[in-house]
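A structural walkthrough
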Amino acid sequence: MSDRTALATNEQTQTTTQFREEDVIFFEAGLIGYEDCHLFIVMENAALSPIHILQSVDRSDVALLVLDSKVIAADYNDAIPADAWRNLGVAEGSARLSLVVVVLGNTAEESTANLKAPLLINHETMTGSHVTLQDPRVSVTHPLISSQSNGAVLKAAAAGNRS
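These figures come from a predicted structure and were not determined experimentally.

Concerning the overall build of the protein chain
Helix and strand counts for the protein chain stand at two helices and ten strands. From first element to last, N terminus to C terminus, the protein chain shows the α and β order β-β-β-β-β-β-α-β-β-β-β-α. For the protein chain, buried positions account for 40% of its 163 residues. Here the analysis covers contacts within the protein chain between residues at least 6 apart in sequence; of these, 48% occur between residues at least 24 apart. When the accessible area of the protein chain is evaluated, it comes to approximately 8,600 Å², of which 51% is carbon and sulfur surface.

Quick look at the structure:
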């Protein structure tokens, strides 16, 4: 991609964000449920931090709340099969980034993360893959507030989303 900038519009919030093309993540197969969307950017929102918005560049009506999986479980990436990382071109021992989709409930305690279907990102090539884990220990509705997570930060993000 070139070094020029472009704009992405989030239809839900009616906001437009300028981004550099080199910041676009390419998902060859799209995302589960959004197979027609291949290009995404990660947008920051101070009121939601540490949660981010994964915004489709292809469709302004497609945006997901995402969180770095390490916020929930420091060793989460270890549960992802090595071949999933290899298929994305991430070498053994390289830094690994996985994002999980978040659903904010009415309260922080009702908010969940989908640990069953992470988004794997190769930050060197800016490519991604949406995978489904077969591990029965992971859930599609993992509570964000638990003894293993940073509850205070996530409570603040959930509160900011409601204001």
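Considering the pairing of strand S7 (residues 97-103)
Most of S7 sits out of view: five of its seven residues are buried. Across six bridges, S7 lies against strand S8 (residues 112-122) in antiparallel orientation. Of the residues in S8, the one forming a bridge with Ser 98 is Leu 120.

A word on the packing of aromatic side chains
The tally for this structure, following the rule as stated, stands at one aromatic pair. With a centroid separation of 5.5 Å and 85 degrees between ring planes, the pair formed by Phe 27 and Phe 40 is classed as edge-to-face. Here Phe 40 lies in strand S4 (residues 39-43) and Phe 27 lies in strand S3 (residues 25-27), a separation of 13 residues in the sequence. On the basis of relative accessibility, which here comes to 0%, the residue Phe 27 falls in the buried class. Residue class for Phe 40 comes out buried when judged on its relative accessible area of 0%.

Comments concerning the environment of Pro 81
Tracing the sequence through the fold places Pro 81 in the loop between strand S6 (63-68) and helix H1 (82-87). A relative accessible area of 39% means that Pro 81 is categorised as partly exposed. Measuring from C-alpha to C-alpha, the distance between Pro 81 and Leu 133 comes to 8.2 Å, with 52 residues separating the pair along the chain.

Comments concerning the pairing of S6
One ladder, built from four bridges, connects strand S5 (residues 52-56) with S6; its direction is antiparallel. Each residue of the ladder has a partner; that of Leu 54, found in S6, is Leu 64. Here S5 folds back onto S6, and the loop between the two strands holds six residues. Examined bridge by bridge, S6 and S7 share three bridges and lie antiparallel to one another. Note on S7: the bridge partner recorded for Leu 67 is Val 100.

Thoughts on the pattern of salt bridges
Enumeration over the complete set of coordinates arrives at six salt bridges. Across the pair Arg 137 and Asp 135 runs a salt bridge whose closest N-O atoms are separated by 2.6 Å. A relative accessible area of 15% places Asp 135 in the buried class. One network of salt bridges, in which partners are shared, links Arg 20, Glu 22 and Asp 23.

A few points about the confidence of the model for the protein chain
Mean pLDDT over the protein chain works out to 84, with 80% of the residues at or above the 70 mark. Per-residue pLDDT stays below 50 along residues 147-163; that stretch engages in 35 contacts with residues further than four places along the chain or on separate chains.

Section: the environment of Ser 139
As for its placement among the helices and strands, Ser 139 is situated in the loop between strand S9 (127-130) and strand S10 (142-143). With sequence-adjacent residues up to four places away left out, Ser 139 is seen in contact with Ala 113, Asn 114, Leu 115 and Lys 116. A polar contact of 2.9 Å, which involves the side chain of Ser 139, links it to the backbone nitrogen of Thr 141.

The rules behind each value
- Residues numbered from 1 in each chain as written.
- Predicted model: local features only at pLDDT ≥ 70, side-chain atom pairs only at ≥ 80, totals over all residues.
- Heavy atoms only, no water.
- Helix = DSSP H or I, 4+ residues; strand = E, 2+ residues; numbered from the N terminus.
- Buried < 20%, exposed > 50% of the residue type's maximum accessible area, 1.4 Å probe, protein only.
- Contact = heavy atoms within 4.5 Å.
- Areas by Shrake-Rupley, 256 points an atom, 1.4 Å probe, with all protein chains shown as cover.
- Pairing = 2+ DSSP bridges.
- Phe/Tyr/Trp six-rings, centres within 6.5 Å; stacked < 30°, edge-to-face > 60°.
- Salt bridge = Lys/Arg side-chain N within 4 Å of Asp/Glu carboxyl O.
- pLDDT = per-residue confidence, 0-100.
- Polar contact = N/O pair within 3.5 Å; in protein donor to acceptor, adjacent residues only side chain to side chain.

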